[in-house]
Amino acid sequence: MKINRTTERSVKILELVAKANDGLDMDEICEKLAIPRTSCYDILVTLVHMGMLEVSTGTKRNYKIGLNAYRIGMSYTNNRNISEIIDPALKELSKELKKTCFFGVLEGTKIVYISKFEPENPIITTATIGTRNPVYSTSLGKAILSTMSDEQIREITKDIEFKQATRFTLKSPDELIENINVARSRGFALDEREVEEHMECVGVPVFNEKRECIGAISASSLYRKDEDYIALGNTLKERAFKISKSLGYMP
């Protein structure tokens with residue numbers, strides 16, 4: 001298969017510039033991609049003309065990703081079902097972590113489980129696809145709530161009766177908001193044996209191209225004292241970010 005060098009360089013330039021929040025000048029692009037200046041200049045002029053790049057007119061011409069590139073990227077996202085992106089990532093995550101992984105969405109005051117993937121030797125959990133659990137006691141629910149203001153959380157929970165599923169279940173909106181504040185600072189939420197006393201879960205929100213939280217992913221397993229749930233949360237946070245980017249999210 002013959003690869004057109006100019007096309008290949010154009011794509012590499014777009015990929016490189018897209019990763020640079022503050023943009024790059026031509027010298028930086030040439031150096032990073034080992035492209036001759038004359039060839040790089042011609043490609044940059046064409047990409048700017050096509051709206052794939054934008055260029056600033058300061059002391060140095062600085063290149064950033066253009067609106068047309070964004071539109072093309074969005075068409076990829078818009079033409080794909082969300083599950084086509086989330087399900088393979090969730091399946092891979094479950095296999096890697098050896099934990100049961102879920103994707104859930106908020107419906108009223110309940111979390112609805114949309115997807116579920118289990119490792120080869122799964123731990124039996126009561127949650128299945130279609131199951132509804134309280135938003136205040138699940139890592140999925142708390143992860144979604146962490147993207148909202150305290151006022152929004154109080155509005156959602158104003159008519160909730162905080163029932164004790166286990167001795168660890170949160171008892172009030174105030175307790176929930178205190179818990180959510182910790183989740184916000186960490187970037188992930190914990191269900192610390194609040195739904196099932198033998199289970200611990202970590203949840204992270206997922207965002208779309210409009211920076212809206214569309215749900216959350218979680219990893220669940222039997223509670224273990226020696227498990228590093230902070231490390232697990234950080235791993236899940238990285239994966240959720242990749243899923244969000246695949247859905248068009250740009251931080």
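So, about the packing of helix α2 (residues 26-33) against helix α3 (residues 37-49). The relative placement of two packed helices comes down to the angle between their axes together with the axis-to-axis distance. In the contact formed by α2 and α3, the axes pass within 10 Å of each other and the chain directions differ by 120 degrees. Viewed along their axes, α2 and α3 adopt a mutual orientation that is oblique. As for how α2 packs across α3, the hand of that crossing is right-handed. Taken together, the residues of α3 that come into contact with α2 (itself represented by M26, D27, I29 and C30) are R37, C40, Y41 and L44. Here the contact of α2 with α3 is composed, by residue class, of 6 nonpolar, no polar and 2 charged.

So, about a nonpolar patch on the surface. Taken together, the side chains of L67, Y70 and M250 make up a nonpolar region of the molecular surface, amounting to roughly 260 Å² of accessible area. Note on placement: L67 falls in helix α4 (residues 67-78). According to the relative accessible area criterion, L67 is partly exposed, its value standing at 43%.

So, on to the sheet that holds strand β2 (residues 53-55). Here we have 3 strands laid out as an open sheet, ordered β1-β3-β2, and antiparallel in their pairing. The strands lining the two open edges of the sheet, one partner per strand, are β1 (24-25) and β2. Relative to strand β3 (residues 62-65), β1 runs antiparallel, the two being bridged by 2 bridges. Residue pairing in the sheet places L24 in a bridge with Y63 of β3. Where helix α1 (residues 5-19) meets the sheet, it contacts β1, β2 and β3, and its direction lies at approximately 90 degrees from that of β3.

It should be kept in mind that the predicted coordinates are not to be read in detail where pLDDT is low. Of all residues in the chain, 94% attain a pLDDT of 70 or more, and the chain-wide mean is 89. Taken element by element, the predicted model of the chain shows its lowest mean pLDDT in α4 (71) and its highest in helix α6 (residues 139-145) (97).

This paragraph deals with the sheet that holds strand β7 (residues 189-192). The antiparallel open sheet is built from 6 strands, whose spatial order is β6-β5-β4-β9-β8-β7. Sheet topology places β6 (132-134) and β7 at the edges, where each strand pairs with a single neighbour. Along the sheet, successive strands turn relative to each other by an average axial angle of 35 degrees, direction set aside. Strand direction decides the pairing type here: strand β4 (residues 100-107) and strand β5 (residues 110-117), joined by 7 bridges, are antiparallel. The residue of β5 that forms the bridge with V105 is V112. Across the sheet, helix α5 (residues 82-97) touches β4, β5 and β9 (213-222), and the angle it forms with β4 is around 140 degrees. The sheet strands contacting helix α9 (residues 229-246) are β7, β8 (199-207) and β9, and the helix crosses β8 at an angle near 30 degrees.

Unlike most non-glycine residues, R193 shows phi in positive territory, near 65 degrees. Position of R193 among the secondary structure elements: in the loop between β7 and β8. For R211, which is not glycine, the phi torsion reads 65 degrees and is therefore positive. Note on placement: R211 falls in the loop between β8 and β9. On the accessibility criterion, R211 (53% relative accessible area) is exposed.

Cut-offs used in this document
Residues numbered from 1 in each chain as written. Predicted model: local features only at pLDDT ≥ 70, side-chain atom pairs only at ≥ 80, totals over all residues. Heavy atoms only, no water. Axes fitted to C-alpha atoms, helices over the stretch in contact; angles between N-to-C directions. Helix = DSSP H or I, 4+ residues; strand = E, 2+ residues; numbered from the N terminus. Parallel < 35°, antiparallel > 145°, perpendicular 65-115°, else oblique. Left-handed = near helix turned anticlockwise from the far one by under 90°. Contact = heavy atoms within 4.5 Å. Nonpolar A, V, L, I, M, F, W, Y, C, P; charged D, E, K, R; others polar. Patch = residues over 30% accessible without salt bridge, like charges linked within 9 Å, V, L, I, M, F, W, Y side chains within 5 Å. Areas by Shrake-Rupley, 256 points an atom, 1.4 Å probe, with all protein chains shown as cover. Salt bridge = Lys/Arg side-chain N within 4 Å of Asp/Glu carboxyl O. Buried < 20%, exposed > 50% of the residue type's maximum accessible area, 1.4 Å probe, protein only. Pairing = 2+ DSSP bridges. pLDDT = per-residue confidence, 0-100.

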